[in-house]
Amino acid sequence: QGRNALICSPTGSGKTLSAFISIISQLFSLAERGELAESVYCLYISPLKSLANDIHRNLERPLQEMAALAGERGMAIQEIRHSIRHGDISARERARMLKRTPHILNTTPESLAILLSSPRFREKLKTVRWVIVDEIHSLAASKRGVHLSLSLERLEELKTDLGPKSGEKRSSSPPEETAGESFIRIGCSATVEPLQEVADFLAGGFRPVEVVDCR
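Residues numbered from 1 in each chain as written. Predicted model: local features only at pLDDT ≥ 70, side-chain atom pairs only at ≥ 80, totals over all residues. Heavy atoms only, no water.

Structural notes on the sheet that holds strand β6 (residues 184-189)
1) Next: The parallel open sheet is built from seven strands, whose spatial order is β3-β4-β2-β5-β6-β1-β7. Each of the sheet's edge strands pairs with one partner strand only, and the pair in question is β3 (82-85) and β7 (210-213). Strand-to-strand twist in this sheet, taken as the mean axis angle between neighbours without regard to direction, amounts to 15 degrees.
2) Next: The strands that helix α1 (residues 15-32) touches are β1 (5-8), β2 (42-45), β4 (104-107), β5 (130-133) and β6; relative to β5, the one it contacts most, it runs at about 165 degrees.
3) Next: Its contacts with the sheet put helix α6 (residues 195-203) on β1, β5, β6 and β7, and the angle it makes with β1 is roughly 135 degrees. (Pairing = 2+ DSSP bridges. Helix = DSSP H or I, 4+ residues; strand = E, 2+ residues; numbered from the N terminus. Axes fitted to C-alpha atoms, helices over the stretch in contact; angles between N-to-C directions. Contact = heavy atoms within 4.5 Å.)

Structure representation (structure tokens):
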């Protein structure tokens, strides 16, 4: 329904897949119509770099299976791309992301702050519709959480500040349907208390947020 949400349920119960599944569905609809731009639509933010197995199970595999099913049915759809962007990736990989931008980007709070300060890549973030914050319990009470909160508000400002600056030409991207709109925030945690306080941290303290308590 397009609401901000904090999902709290036990480890291994499917929180990350729950966060991704409706996003993948909507990206697939765009891909089917050939409307995916060279831009980021979903940010997956985690305090941990080592979530390769989780991402494979909850993102890579569903995307691969959907592409295979589409092929079997003779459907020609755009590729839905995803990448990992941390501080230790090569300059070559960073340049490649500008040319073949991932539609889903997996990053850390620190790397997001760097991306928001990158003149070339920040343009790719104006289309962000969804931000998933995983393992939010490890961020909510720390300096990294403060850092992330600031970055998310910078992203909000970036999405609403779309007018050309003095002497600049208006960019042809992002697509009109994603420009200037706030993004949906989805938090995931297995162990967190108090839930409403962490939900307020996720939403920024003044935005409505749903708490999905499946513990």
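As for the side chain of histidine 103
1) Next: Position of histidine 103 among the secondary structure elements: in the loop between α3 (91-99) and β4.
2) Next: Note on histidine 103: relative accessible area 2%, which makes it buried.
3) Next: Among the polar contacts listed, one links the side chain of histidine 103 to the backbone oxygen of alanine 37, at a separation of 3.2 Å. (Buried < 20%, exposed > 50% of the residue type's maximum accessible area, 1.4 Å probe, protein only. Polar contact = N/O pair within 3.5 Å; in protein donor to acceptor, adjacent residues only side chain to side chain.)

Overview of the packing of aromatic side chains
1) Next: Across all of its chains, the model carries one aromatic pair by this definition.
2) Next: We note arginine 85 situated over the ring of phenylalanine 121; from NZ or CZ to the ring centre the distance is 5.4 Å. (Phe/Tyr/Trp six-rings, centres within 6.5 Å; stacked < 30°, edge-to-face > 60°. Lys NZ or Arg CZ within 6 Å of the ring centre and 35° of its normal.)

Some points on the side chain of asparagine 4
1) Next: Position of asparagine 4 among the secondary structure elements: in the segment before β1.
2) Next: The class for asparagine 4 is buried, based on a relative accessible area of 11%.
3) Next: From its side chain, asparagine 4 meets the backbone nitrogen of arginine 185 in a polar contact 2.9 Å long.
4) Next: In this structure, asparagine 4 is in contact with Phe183, Ile184, Arg185, Ala203, Arg207, Pro208, Val209 and Glu210, ignoring residues within four places of it in sequence.

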